[in-house]
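Residue-level structure breakdown
Okay, here's what each chain looks like letter by letter:
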Amino acid sequence: MEGPIVPGARGGPLSGLTIVEFAGIGPGPFCGMMLADHGADVIRIDRANGSRGGSQPVSSRDVLARGRRSIALDLKSEQGVALARRLCTRADGLIEGFRPGVMERLGLGPEELLRDNPKLVYGRMTGWGQTGPYAHAAGHDINYIALSGALAHFGRAGEKPTPPINLVGDFGGGGMMLAFGMVAALLNVARGGEGQVIDAAMTDGSAVLMAMLHGMRSMGAWSDERGANIIDTGAPFYDTYQTADGRYVAIGSIEPQFYAELRRLAGLADDPAFDAQHDRANWPALKEKLAGVFATKTRAEWDALMEHTDVCYAPVLTMGEAPQHPHNRARETFVTVGGDIQPAPAPRYSATATTTPEPAPLPGTDTDAILAGLRVAEGEREALRAAGTIG
């Protein structure tokens, strides 16, 4: 692989690595965001017509697209494909989120690109995986976590399964799992290994996220019945409760000493009904009692009583409220990017600190600079732009 393609200065442990991202939606961009947040120079190949695919509008406020450079190419043209292929010869890694076979039909499959660049880490993000009976079917997060055995366990007793937005499939089991796989494979290359293909499926990833619960189920400590277990809203001491002002608080008083502190601060220390913490037959009645107790004070009053104690307590904050909480402000959990509040890169590093991300580039913002880095002459760039090959 030749030298970097005029990278921008970025802080973080992945500084110096170049990743090519083929524009997509959801988990692929989240993976690209993770890698960019931690210092990689992520070059996003957007469409020459200025779109990124999907229904989400193109905007510099797109958090998932932050911290990138963008080149706009027409991948339906031979010249556009040739430029993309040339770009990948200078990259450490690639991420794509098309259905199986799309990249091969474009002439940008692993066989071609690994032949060009044997050290390339080729990351593939799909819902069902590159193989299997469902591989070529359409789907979304809700479908992937349904098949992996995760969705059935989200929800309350007597109610239907409730998808946890798209955090478990798209982002936890998908984009973040691919980011982990990319870093692992890049580390292997740094140690002298060859490039390889990463088949990241959201079904596989969301199944892995359920690992602890599979262990508990095997030991007889977890039931397939929804909303009947210790951390799925079955237990009265691990749930959310509405306060007098219509807001909510969350408690997770599992351990005996934390449960005792909950009883003390809630005024229930002398109520014998709460003595048998793990008697599941009494859980519904105890829930009702706790609901009545929490309804007697506002959330602010419960904060004053229970925050910073061993109850395992926190107010349930909205996205609008969370950035203003003193703990999040002290840790700078949120940053301002282009005038908008966004989650800061995580986790933190003691020696290779990350920097505040730049706003998402509009498609093609960096086309000329990137092509100049590939030694494509200005005259040739003008001809490519006139032909609609680049944007």
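See the structure above.
Summarised in this report is the structure supplied together with it. Keep in mind that this is a model prediction, so the values were computed, not measured.

**Remarks on the packing of aromatic side chains**
Taken as a whole and assessed by the stated rule, the structure comprises 7 aromatic pairs. Arranged with centres 5.0 Å apart and planes meeting at 55 degrees, the rings of F30 and F171 form a pair that is tilted. You can see F30 sitting in helix α1 (residues 27–37) and its partner F171 sitting in helix α6 (residues 167–190), a full 141 residues away along the chain. With relative accessibility at 14%, the residue F30 sits in the buried group. Among the residues examined, F171 registers a relative accessible area of 16% and is labelled buried.

**Focus: the sheet that holds strand β4 (residues 93–96)**
Backbone-to-backbone hydrogen bonds pair the strands of a sheet. The strands run either parallel or antiparallel. With parallel pairing, the 6 strands of this open sheet are ordered in space as β3-β2-β1-β4-β5-β6. The open sheet has two free edges, formed respectively by β3 (69–73) and β6 (196–201), since each of these has just one partner strand. Strand-to-strand, the axes of this sheet are offset by a mean angle of 20 degrees, without reference to chain direction. Contacting β5 (121–126) and β6, helix α7 (residues 202–209) crosses the sheet at an angle of about 65 degrees to β6.

**Brief notes about the pattern of salt bridges**
Under the counting rule described, the total for this entry stands at 20 salt bridges. For the salt bridge of R124 with E96, the shortest nitrogen-to-oxygen distance reads 2.6 Å. Residue R124 is found in strand β5, and its partner E96 is found in strand β4; the two are separated by 28 residues along the sequence. Neither R124 nor E96 differs from the other in exposure class; each is buried. Its salt-bridge partner being R263, residue D275 comes within 2.9 Å of it at the nearest N-O pair. You can see D275 sitting in the loop between α9 (256–265) and α10 (283–294) and its partner R263 sitting in helix α9, a full 12 residues away along the chain. Under the relative-accessibility criterion, R263 is labelled buried at 11%. Through salt bridges that share partners, E21, R44, D46 and R68 make up one connected network.

**Description of the side chain of S206**
Its location among the elements puts S206 in helix α7. Separated by 2.7 Å, the side chain of S206 and the backbone oxygen of M202 make a polar contact. If we skip the residues at most four places from it in the chain, S206 touches Y144, I145, S148, V168 and G173.

**Side note on the nonpolar core**
The nonpolar side chains of a soluble globular protein tend to be buried, and buried together. Counting residues in each nonpolar core, the largest one holds 29 residues, and the members touching the most others are I251, L262, F294 and M306. Of all the elements, α10 adds the most residues to this core, at 5 residues. In this structure, L262 is in contact with F237, I251, S253, F294, M306 and V311, ignoring residues within four places of it in sequence. In this structure, C31, L35, M125 and M182 belong to the second largest nonpolar core, which totals 26 residues.

Thresholds, definitions, all that
All residue numbers refer to positions counted from 1 along the written sequence of the respective chain. Since the coordinates come from a predicted model, pLDDT governs what is reported: local features require at least 70, and pairs of side-chain atoms require 80 or more to be given and counted, while whole-chain, interface and lining totals use all residues. Hydrogens are left out, water is left out, and the side-chain values use all remaining heavy atoms of the structure. Think of it this way: a Phe, Tyr or Trp ring, Trp meaning its six-membered ring, pairs with another when their centres are within 6.5 Å, and the plane angle makes it stacked under 30 degrees, edge-to-face over 60, tilted otherwise. A helix here means a DSSP run of H or I that spans at least four residues, while a strand means a run of E at least two residues long, and both kinds are numbered starting from the N terminus. Three exposure classes are used, based on accessible area relative to the maximum for each residue type with a 1.4 Å probe and protein chains only: buried under 20%, partly exposed in between, and exposed over 50%. Note on pairing: two strands pair once DSSP finds at least 2 bridges between them. Here the axes come from fitting lines to C-alpha atoms, over the contacting stretch only for helices, and the angles between their N-to-C directions go from 0 to 180 degrees. Every residue pair with non-hydrogen atoms within 4.5 Å of one another is taken to be in contact. Should a side-chain nitrogen of Lys or Arg be within 4 Å of a carboxyl oxygen of Asp or Glu, the pair is scored as a salt bridge. Here a polar contact is taken to be a pair of N or O atoms separated by no more than 3.5 Å, where protein atoms must pair a possible hydrogen donor with a possible acceptor and residues adjacent in sequence count only if both atoms sit in side chains. Residues belong to a common nonpolar core when they are buried Ala, Val, Leu, Ile, Met, Phe, Trp, Tyr or Cys residues joined through side-chain atoms within 4.5 Å.

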